[in-house]
Amino acid sequence: MFKKVAGTKDILAPEISWWQKIENLSRSIFSVYNYQEIRPPIIEEAAVFSRSLGEFTEIVQKQMFLIKNKEEIYALRPEATASIVRAYIENNLDKISALQKLYYIGAMFRLERPQKGRLRQFHHIGAEVIGSTDADIDVETVSLADSLLKAYAIDGYEIKINSLGCLNDKKELTRLLSNSLKGRLSDLCPECQERFKRNVLRILDCKNESCRRVIAKCNIRDNHLCDDCKTHFERVKQGLSDLNLNYEVMPHLVRGLDYYTRTVFEITHKSLGAQDALGAGGRYDNLVRELGGPDLGAIGFAFGVERLLLVTGLKNNRQEDRNPVYLVTLGEQAKKEGRKILARLRQAAIACDTDYAGKSLKGAMRAAGDLGCQYVLILGDDELNKGVITLRDMGSGEQKEIKQDDLIRTLKC
Ligand code: AMP
């Protein structure tokens, strides 16, 4: 028997209804913020990601699902920002509108060691705004993330923000951090010792206890920020405060990918344990140009749907009952007429079903009960002769004959 690939999931009923709910709520919030959906392919040239995320990032080095085809190497997308920027440039979206507000919902793939909250196929709900460096866009983006979480009935989350500054500032941050870590390399985990050589900022992301202790001693504030980036960050913080959004400035917050500049943020939830990030994002003001497009600022974020589902309060609400009408037919003629009745009900948008397994009346009634049907329709020779159908209310047990012509009206009442 075949088994699913480790780190993937079959999403089945009844859980699927929570997915649909989260997706539908997201679509309506995105539309309130004037976002358009974008659906790039899930497969891209691998270089789209290595150029964007950075050669020395964990995702590119270890986690990409690669597919070799002759001379070309494709990757299943590990995240969507790079794909969306590629699509933005390829489709000249800047010519359509100076500011593009885009959202996406879909599967991402990372070759990770599967564990709670870490899958190999997981799902992002994300947003990207391309075309502006205005700090007000950062504020709107964080506020959108907050609105989404409120719509998902999630509380107790924490919004953490920081500014990495522009490319020069990031170099300065790297220099400051290298200087302050130089004398303590032996206290870092082997991976961070490697990071020290290639990508020092990633050390700030390390969850290892001894690395965390070393990092806590590094005095990193906003010393690396140039005047422009300082002003930008001040405006972001002020804007968030004006909207009464609760946030915390975390000088140690960096995002693991090379493309981030200026504002970065992460939203965490304590109840998630070790993998506590519900979502994260930030500015990437150089990526559009880096991938061959115009020089435009951009910002985005993504939530992990599987983690949203672990903490959503929507599950506390009673599942809406699915209560299709169930038709039980007795005899060949009734079965034939029954098919027409089902077609008429469906045309009138009344959910309905019937038995296809030749069940007895008792068995069919049990099936209707299992489906949670409120009404059962019974059609036999007697009903056919009189042009009626028996309607049984499964709640009260009451049963009455109604004219077939009145059926839709009665069920819609
Ligand atoms: P990232 O692109 O790594 O910043 O991820 C954004 C969000 O996606 C994270 O905060 C998680 O909620 C979720 N996520 C990332 N990687 C995984 C994974 N392997 N399995 C499940 N969720 C993930």
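Heads up: the structure comes first, above all this text.
These lines cover the structure that appears in this document, whether it is placed above or below.

Basis of the calculations
- Residues numbered from 1 in each chain as written.
- Predicted model: local features only at pLDDT ≥ 70, side-chain atom pairs only at ≥ 80, totals over all residues.
- Heavy atoms only, no water.
- Salt bridge = Lys/Arg side-chain N within 4 Å of Asp/Glu carboxyl O.
- Helix = DSSP H or I, 4+ residues; strand = E, 2+ residues; numbered from the N terminus.
- Buried < 20%, exposed > 50% of the residue type's maximum accessible area, 1.4 Å probe, protein only.
- Axes fitted to C-alpha atoms, helices over the stretch in contact; angles between N-to-C directions.
- Left-handed = near helix turned anticlockwise from the far one by under 90°.
- Contact = heavy atoms within 4.5 Å.
- Nonpolar A, V, L, I, M, F, W, Y, C, P; charged D, E, K, R; others polar.
- Pairing = 2+ DSSP bridges.
- Parallel < 35°, antiparallel > 145°, perpendicular 65-115°, else oblique.
- Core = buried A, V, L, I, M, F, W, Y, C linked by side-chain atoms within 4.5 Å.

Inspection of the entire model under this criterion finds 31 salt bridges. Residues R235 and D136 are paired through a salt bridge, measuring 3.5 Å at the closest nitrogen-oxygen approach. Here D136 lies in helix α6 (residues 135–151) and R235 lies in helix α10 (residues 227–242), a separation of 99 residues in the sequence. Residue class for R235 comes out partly exposed when judged on its relative accessible area of 42%. Among the salt bridges present, the one from E337 reaches K340, with a minimum N-O distance of 3.3 Å. Highlighted residues: E337 and K340, both in helix α13 (residues 332–347), separated by three residues, approximately one helical turn. In this structure E337 comes out as partly exposed when scored by relative accessible area, which is 22%.

In contact at an axis separation of 10 Å, helix α1 (residues 15–32) and α6 are set at 145° when each is read in the N-to-C sense. You can see that α1 and α6 cross each other, and the crossing is right-handed. Here α1 contributes L25, S26, I29 and F30 to the contact with α6, which in turn contributes L144, S147, L148 and A151. Taken together, the residues of the contact of α1 with α6 break down into six nonpolar, two polar and no charged.

Moving on, we come to the sheet that holds strand β4 (residues 72–76). One open sheet accounts for three strands, arranged β2-β4-β3; its pairing is antiparallel. The sheet is open, and its two borders are formed by β2 (43–45) and β3 (66–69), each paired with just one other strand. Geometrically, the sheet is characterised by an average inter-axis angle of 35° between neighbouring strands, direction not taken into account. As defined by bridge partners, β2 adjoins β4 across three bridges and the pair is classed as antiparallel. Bridge pairing in β4 links I43 to L76. Sitting on the sheet, helix α2 (residues 46–53) touches β2, β3 and β4, and the angle it makes with β2 is about 70°.

Two packed helices can be described by the angle between their axes and the distance between those axes. Packing of α6 against α10 brings their axes to within 8 Å, and their N-to-C directions diverge by 40°. Here α6 lies oblique to α10, going by the angle between them. Note on packing geometry: the crossing formed by α6 with α10 is right-handed. Each of A135, D136, D138, V139 and V142 in α6 lies in contact with α10, whose residues at this interface are H232, R235, V236, G239 and L240. Considered class by class, the residues forming the contact of α6 with α10 number five nonpolar, two polar and three charged.

This paragraph deals with the nonpolar core. Counting 53 residues, the largest nonpolar core has L53, I130, L177, L181 and I203 as the members making the most contacts within it. The element contributing the most residues to this core is helix α4 (residues 81–90), with six residues. Excluding residues within four positions of it along the chain, L181 makes contact with F196, V200, I203, V214 and C218. Judged by nonpolar contacts, the second largest core, of 42 residues, contains Y35, Y152, L245 and I299.

Turning our attention to the sheet that holds strand β15 (residues 388–393). The mixed open sheet is built from five strands, whose spatial order is β13-β12-β14-β15-β16. Single-partner strands in this sheet number two, and they are β13 (352–354) and β16 (399–403). Between one strand axis and the next, the sheet turns by 30° as a mean value, whatever way the strands run. Taken together, the four bridges between strand β12 (residues 325–329) and strand β14 (residues 375–379) define a ladder with parallel strand orientation. Counterpart to L327 in the pairing with β14 is L377. Together, β12, β13, β14 and β15 form the strand contacts of α13, whose direction differs from that of β13 by roughly 160°. Packing of helix α14 (residues 361–370) onto the sheet brings it into contact with β12, β14 and β15, and relative to β12 it is tilted by some 175°.

That is the geometry; function is a separate question.
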